[in-house]
Amino acid sequence: NSVRWDLLLGKDKCNIYDNNFLSDIKFSIDKITSYHTDILDKRKILYENLTQILDNNGEPLEIPHYSHSGVSGRTTIKKGFNFLTSKKEFRKRCKSKNKDNLLVSIDFKACEPNLYLRALGNEISDPDIYEFLSSELKLDVKDRSTLKRGILSVLYGASDSTSSKLLGSSKKNLDKIKKFFKIAEIEKELKEEFNKTGTIYNLYGRPIHSDKSILNKWIQSSAVDFCSLSFLNFVEEFNFDVCYLVHDDMVIDIDRKGYEKIKDIKELHDPYSKLSLPVEITILSA
């Protein structure tokens, strides 16, 4: 109040600022959903009180601190050792501080395409989504890895020419994939929603204020919530110690008896979406 901004900047500029500020506040208030008061707080529990581990030389690695504030909600590490950017070979050589324990990876198989298709109501009979799609759509594609690259390029918003090139096959195969994934109609729905409100909402109600690669934003955002909530459900059921997470892969520190309890688990369940996805459980280091 001690500064006369109306004299320094002029009344018109002050009014413009005030109106924009109030508009931003209203926009923010309108976008607060039950996601912020329920899902996000629950999801964050998984990333708290992590267990410290050692590198291959026996040196302790700083415990990571995760941020959930990105546009889509995909996690980043703001402090501590950055497992997200470390190489898989390095992570495989890390060890528990307890010489009798194991570091075990619980990794969702093809999380994003699996989650997307199941969210659309599809029944996936094969735990390998790419084998399932190859058989279901009768795709003439060189091999599984080629099919994987092609499908992910479609979901990530690549052009038809790029996706066809990655698939290494005719546009007919690409059209089959896009039709099965309902790319055109889901993108249309999301764009219409964004054009009306400046926002889309993921599977769990998280608001996303961006229409860049809009379908991929929805999938990516929904996947990180699914992984966090289903991992948390799993950890709370067995009372395991979590070391770190790399998107759809969680590493826990357990004894051999604990590993025997979980080694044959094939799927993890999220109690919020009621969806289950296949996982692969492997020992990283003993």
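Structure: above.
What counts, and at which threshold
Residues numbered from 1 in each chain as written. Predicted model: local features only at pLDDT ≥ 70, side-chain atom pairs only at ≥ 80, totals over all residues. Heavy atoms only, no water. Salt bridge = Lys/Arg side-chain N within 4 Å of Asp/Glu carboxyl O. Helix = DSSP H or I, 4+ residues; strand = E, 2+ residues; numbered from the N terminus. Buried < 20%, exposed > 50% of the residue type's maximum accessible area, 1.4 Å probe, protein only. Pairing = 2+ DSSP bridges. Axes fitted to C-alpha atoms, helices over the stretch in contact; angles between N-to-C directions. Contact = heavy atoms within 4.5 Å. Phe/Tyr/Trp six-rings, centres within 6.5 Å; stacked < 30°, edge-to-face > 60°. Core = buried A, V, L, I, M, F, W, Y, C linked by side-chain atoms within 4.5 Å. Parallel < 35°, antiparallel > 145°, perpendicular 65-115°, else oblique. Left-handed = near helix turned anticlockwise from the far one by under 90°. Nonpolar A, V, L, I, M, F, W, Y, C, P; charged D, E, K, R; others polar.

A. View of the pattern of salt bridges. With the rule as written, the count across this model stands at 8 salt bridges. Among the salt bridges present, the one from Arg4 reaches Asp6, with a minimum N-O distance of 2.9 Å. The residue Lys42 makes a salt bridge to Glu236 at a minimum N-O spacing of 3.9 Å. Pair noted here: Lys42 is in helix α3 (residues 34–45) and Glu236 is in helix α11 (residues 214–238), with a separation of 194 residues, a long-range link. For Lys42, a relative accessible area of 28% puts it in the partly exposed group. Note on Glu236: relative accessible area 46%, which makes it partly exposed.

B. Representation of the sheet that holds strand β8 (residues 267–269) within the structure. Taking strand neighbours across the sheet as the criterion, the 5 strands line up as β6-β7-β3-β9-β8 in an open arrangement whose pairing is antiparallel. Two strands close off the open sheet at either side, each with one partner strand: β6 (241–246) and β8. Here the average twist between neighbouring strands, direction ignored, is 35°. Along the sheet, helix α5 (residues 111–119) makes contact with β3 (102–108), β8 and β9 (276–285), crossing β9 at roughly 160°.

C. Just the pairing of strand β7 (residues 249–254), in detail. Most of β7 is tucked away: 6 of the 6 residues are buried. Burial along β7 is two-sided: Asp249, Val251 and Asp253 facing one way and Met250, Ile252 and Ile254 facing the other are all buried. When β3 meets β7, the two strands line up antiparallel, connected through 6 bridges. Across the sheet, the residue bridging to Ile106 is Met250, located in β7.

D. Here's a closer look at unusual backbone geometry. At Asn49, a residue that is not glycine, the phi angle is positive and equals roughly 55°. Looking at the secondary structure, you find Asn49 in the loop between α3 and β1 (65–67).

E. Region of the structure containing the packing of aromatic side chains. Per the counting criterion, the structure on display carries 14 aromatic pairs. With centroids separated by 6.4 Å and ring planes inclined at 80°, the aromatic side chains of Tyr116 and Trp218 adopt a geometry described as edge-to-face. Placement of Tyr116 in helix α5 and of Trp218 in helix α11 is noted, with a sequence separation of 102 residues between them.

F. Inspection of the nonpolar core at higher detail. Formed by 47 residues in total, the largest nonpolar core has its most connected members in Leu46, Ile106, Phe108, Phe231, Phe234, Met250 and Ile252. Looking at this core, the elements with two or more residues in it are α3, β3, α5, α11, β6, β7, α12 (256–262) and β9. Residue contributions to this core peak at 9 residues, all from α11. For Ile106, the contacting residues outside a window of four places in its chain are Phe231, Phe234, Asp248, Asp249, Met250, Ile252, Leu268, Val279, Glu280 and Ile281.

G. Summary view of the packing of α3 against α11. The contact between α3 and α11 brings their axes to 8 Å, and the two run at 60°. Considering the angle they form, α3 stands oblique to α11. Two packed elements cross with a definite hand, and for α3 against α11 that hand is left-handed. The segment α3 lies against α11, with Tyr35, Ile39, Lys42, Arg43 and Ile45 engaging Val224, Asp225, Ser228, Leu229, Leu232 and Glu236. Here the residues of the contact of α3 with α11 sort into 6 nonpolar, 1 polar and 4 charged.

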